[in-house]
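Listed below are the residues making up each chain.
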Amino acid sequence: MDLLKFTIKLAKKAGKAILKEAKNIKITEKAKNDLVTNADQAAEKLLTKAILKKYPDHTVLAEEASYKTILKAENYLKSKYIWIIDPLDGTTNFAHGLPLYSVSIGLFKTQLSEKSKNFNYLTGEIVLGVVFAPAMNELFYAVKGQGAYLNGKKIQVSKNKKLENSLL
């Protein structure tokens, strides 16, 4: 699937950019205890730019503020696909030198745009997801109906039937 290959390549490229930015972290707060770093912003810019270059008819919903200056809300109602990205999922861990952070990318395929009295809304489904943890070199991905994988090896949930026997 071209979309999966593109998304994996893009997540790895963003992960590489994050590791590069880790050498000179600059931290600010969006709100109290809500950190954002230069790595968040660099990765989001890289992801958004690459997605819109390859798929100009798609839209992007990103965690940081940059998408607001690139896209208009009405574009979401017209788009067949919406990329949902968290360029640096785990910013607090990253900012404190912990390796538990990742690039998270999901692809939402819209099926229907409807209007109600007060707002417009979309229905659809997530068709693909990629999570890349660059500090640990772990790549998780899933495509609807094809299972989930870690570094190319199929994974599944445990067979535990009791919550007390599970790791959460």
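What you see is a predicted model; the values in this text were computed from it and never measured.

## Comments concerning the overall build of the protein
Here comes step 1: Scanning the protein from N- to C-terminus turns up five helices and nine strands.
Here comes step 2: When the helices and strands of the protein are listed from N to C terminus, the series reads α-β-β-α-β-α-α-β-α-β-β-β-β-β.
Here comes step 3: The proportion of buried residues among the 168 residues of the protein is 36%.

## Concerning the environment of Trp83
Here comes step 1: As for its position among the elements, Trp83 is in strand 4 (residues 81-89).
Here comes step 2: Dropping the residues within four chain positions of it, Trp83 is found in contact with Leu3, Phe6, Thr7, Ile51, Tyr55, His58, Thr59, Val60, Leu61, Ile105, Gly106 and Leu107.

## Focus on helix 1 (residues 2-21)
Here comes step 1: Compared with the 28 Å implied by 1.5 Å per residue over 20 residues, the 29 Å span of helix 1 between its first and last C-alpha is a close match.
Here comes step 2: Of the positions making up helix 1, those classed as buried are Leu3, Leu4, Phe6, Thr7, Ile8, Leu10, Ala11, Ala14, Gly15, Ala17 and Ile18.

## Points about the packing of aromatic side chains
Here comes step 1: Scanning the model with the defined rule gives five aromatic pairs in all.
Here comes step 2: Arranged with centres 5.4 Å apart and planes meeting at 80°, the rings of Phe6 and Tyr55 form a pair that is edge-to-face. Of this pair, Phe6 sits in helix 1 while Tyr55 sits in the loop between helix 2 (38-54) and strand 3 (59-62), and the two are 49 residues apart along the sequence.
Here comes step 3: Note on Tyr55: relative accessible area 12%, which makes it buried.
Here comes step 4: Counting every residue linked through ring pairs, the aromatic cluster contains Phe6, Tyr55 and Trp83.

## Quick look at the pattern of salt bridges
Side chains that carry opposite charge are capable of pairing whenever their charged atoms lie near each other.
Here comes step 1: By the definition in use, this model includes two salt bridges.
Here comes step 2: A salt bridge links Glu125 to Lys144, with the shortest nitrogen-to-oxygen separation between them at 3.6 Å. Of the two residues, Glu125 sits in strand 6 (residues 120-133) while Lys144 sits in the loop between strand 7 (138-143) and strand 8 (148-150), which places them 19 residues apart along the sequence.

Conventions and cut-offs
Residues numbered from 1 in each chain as written. Predicted model: local features only at pLDDT ≥ 70, side-chain atom pairs only at ≥ 80, totals over all residues. Heavy atoms only, no water. Helix = DSSP H or I, 4+ residues; strand = E, 2+ residues; numbered from the N terminus. Buried < 20%, exposed > 50% of the residue type's maximum accessible area, 1.4 Å probe, protein only. Contact = heavy atoms within 4.5 Å. Expected span 1.5 Å × (residues − 1). Phe/Tyr/Trp six-rings, centres within 6.5 Å; stacked < 30°, edge-to-face > 60°. Salt bridge = Lys/Arg side-chain N within 4 Å of Asp/Glu carboxyl O.

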